[in-house]
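# Structural overview for review
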Amino acid sequence: MRNIATVLLASIFSLAAATAAFAHSELQSSVPAANATVKDAPKTIEIDFSEELNPKLSKIEVQDSMGMTMDKGDSHVSDSDAKHMSVDLQSLSAGTYKVLWTSVAADDGHKLTGTYTFTVQP
Ligand SMILES: [Cu+2]
């Protein structure tokens with residue numbers, strides 16, 4: 001009986017761990033896409049996440065190859081879609097840019113960060 005209880009408890013714990021992992025808000029897709037080369041300089045960065053975001057703590061920043069800020073500092077989660085975040089960009093010339101995102105899941109407050117680059121090549 002004791003063994004069954006232990007196994008049961010173990011499976012409840014691993015289920016809980018799997019559920020918690022789902023609550024992390026991962027990057028699902030972005031425009032421009034990670035590692036993309038685009039002809040026209042984008043005016044915004046758009047990212048869709050796997051879970052609803054905390055709008056106060058989640059953000060996107062964009063830097064040029066020198067580490068200069070190239071976004072307009074207006075990163076925000078969409079009012080109509082809490083999984084969607086965007087930021088407006090200054091005018092980008094040819095070059096490679098780095099997108100740095102921070103997602104904080106609305107439900108459990110778990111934080112993730114990530115970066116990717118894209119290239120503007122008119
Ligand atoms: Cu989580």
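Attention here is on the structure that accompanies the text. (Residues numbered from 1 in each chain as written. Predicted model: local features only at pLDDT ≥ 70, side-chain atom pairs only at ≥ 80, totals over all residues.)

## Describing the overall build of the protein
Secondary structure assignment for the protein yields 1 helix and 8 strands. Traced from its N-terminal end to its C-terminal end, the protein shows the element sequence α-β-β-β-β-β-β-β-β. Out of the 122 residues belonging to the protein, those deemed buried represent 20%. Restricting to contacts in the protein with at least 6 residues of sequence separation, those with at least 24 account for 62%. (Helix = DSSP H or I, 4+ residues; strand = E, 2+ residues; numbered from the N terminus. Buried ≥ 20, exposed ≤ 12 C-beta atoms within 10 Å, placed from the backbone. Contact = placed C-beta atoms within 7 Å.)

## Structural notes on the pairing of strand 6 (residues 84–88)
Burial of strand 6 is one-sided: the residues Met85 and Val87 facing one way are buried, the residues His84, Ser86 and Asp88 facing the other way are not. Where strand 3 (residues 44–49) lies against strand 6, 5 bridges are found, and the strand directions are antiparallel. By the bridge assignment, Thr44 is partnered in strand 6 with Asp88. Judged from the 2 bridges that link them, strand 5 (residues 76–77) and strand 6 form a sheet pairing that is antiparallel. Residue pairing in the sheet places His76 in a bridge with Ser86 of strand 6. What sits between strand 5 and strand 6 in their antiparallel hairpin is a turn of 6 residues. (Pairing = 2+ DSSP bridges.)

Take it as geometry only, folks, not as evidence of what the structure does.
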